[in-house]
Amino acid sequence: MAENIDTSQHLTFTLGKEVFALDIASVREVLELTAITKIPRTPDFMRGVINLRGHAVPVMDLRLKFGMPAAEATVDTCIIIVEVDFEGERIVMGGMVDSVREVFEIPPDRIETAPRMGTSISTDYIKGIGKQDDVFIIILDIGRIFSAAELALARDAQKDAA
């Protein structure tokens, strides 16, 4: 997906006490938590697939993907449906989050680059850090959160369940 650097609208969501954001251009919709069908022999963070208007859409638990402890679902738990380009295909997948907050605009010049965390911690999936009021918002690059193998797994799960 061609990223427009000037895009300043982001969808913010929470995982625990942390606030994250995705470029609104990669977000298709936000759903309430629905029944997820588990797929055997997949990583813990891959919760399974949901039926989205007759199509199987893989759902990843972003808490588990980021190494956070699992949490009980609440009335605020949502699935953010995103599109990711992978090997010339557009993969539609869901990211399960604790809650969705809002769409906010931030000028590109107000987004700081991700800080270096040392050699053992990859920050490739972080586009930058923004600030809203006194809260830091970690802006994610949805295309880099998942490895090629994980995206292939999502694509295959989508095709197998179809």
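Computed from a prediction, not measured in an experiment: that's the story for all the values here.

### Overview of the overall build of the protein
- Along the protein, the regular secondary structure elements total three helices and 10 strands.
- Overall, the protein shows an N-to-C arrangement of helices and strands of β-β-β-β-β-α-β-β-β-β-β-α-α.
- Relative to the compact-globule value of 15 Å for 162 residues, the protein shows a C-alpha radius of gyration of 15 Å, a close match.
- Dimensions along the principal axes, computed over C-alpha positions, put the protein at roughly 45 × 35 × 35 Å.

### As for the pattern of salt bridges
- Counted under the stated rule, the structure contains 11 salt bridges.
- With its nearest N and O atoms 3.7 Å apart, the salt bridge here joins Asp23 to Lys127. In this pair, Asp23 is assigned in strand S2 (residues 18-23) and Lys127 in strand S9 (residues 126-132), connecting sequence segments 104 residues apart.
- A salt bridge links Arg144 to Asp141; its shortest N-O distance comes to 3.9 Å.
- The buried category is assigned to Asp141, whose relative accessible area is 15%.

### Considering the packing of aromatic side chains
- One pass over the full model with this rule turns up four aromatic pairs.
- Note on Phe66 and Tyr125: the rings are 5.4 Å apart at their centroids and 15 degrees apart in plane angle, and the pair reads as stacked. Highlighted residues: Phe66 in the loop between helix H1 (62-65) and strand S6 (78-86) and Tyr125 in the loop between strand S8 (99-105) and S9, separated in sequence by 59 residues.
- With a relative accessible area of 22%, Phe66 lands in the partly exposed category.
- Judged by relative accessible area, which is 23%, Tyr125 ranks as partly exposed.
- By way of ring pairs, the aromatic residues Phe13, Phe20, Phe66 and Tyr125 are connected into one cluster.
- Taking the ring centre of Phe45 as reference, the NZ or CZ of Lys65 above it sits at 5.1 Å.

### Some details on the sheet that holds strand S10 (residues 135-140)
- Reading across from one edge, S8-S1-S2-S10-S9 is the order of the five strands in this open sheet, with mixed pairing throughout. Both edges of this open sheet fall to S8 and S9, since each of them pairs with a single strand only. Ignoring which end each strand starts from, the neighbouring axes of this sheet average 30 degrees apart.
- By the bridge criterion, four bridges tie S2 to S10 in an arrangement that is parallel. Opposite Val19, over in S10, you have Ile137 as the bridge partner.

Basis of the calculations
- Residues numbered from 1 in each chain as written.
- Predicted model: local features only at pLDDT ≥ 70, side-chain atom pairs only at ≥ 80, totals over all residues.
- Heavy atoms only, no water.
- Helix = DSSP H or I, 4+ residues; strand = E, 2+ residues; numbered from the N terminus.
- Rg over C-alpha atoms; globule rule 2.2 N^0.38 Å.
- Salt bridge = Lys/Arg side-chain N within 4 Å of Asp/Glu carboxyl O.
- Buried < 20%, exposed > 50% of the residue type's maximum accessible area, 1.4 Å probe, protein only.
- Phe/Tyr/Trp six-rings, centres within 6.5 Å; stacked < 30°, edge-to-face > 60°.
- Lys NZ or Arg CZ within 6 Å of the ring centre and 35° of its normal.
- Pairing = 2+ DSSP bridges.
- Axes fitted to C-alpha atoms, helices over the stretch in contact; angles between N-to-C directions.

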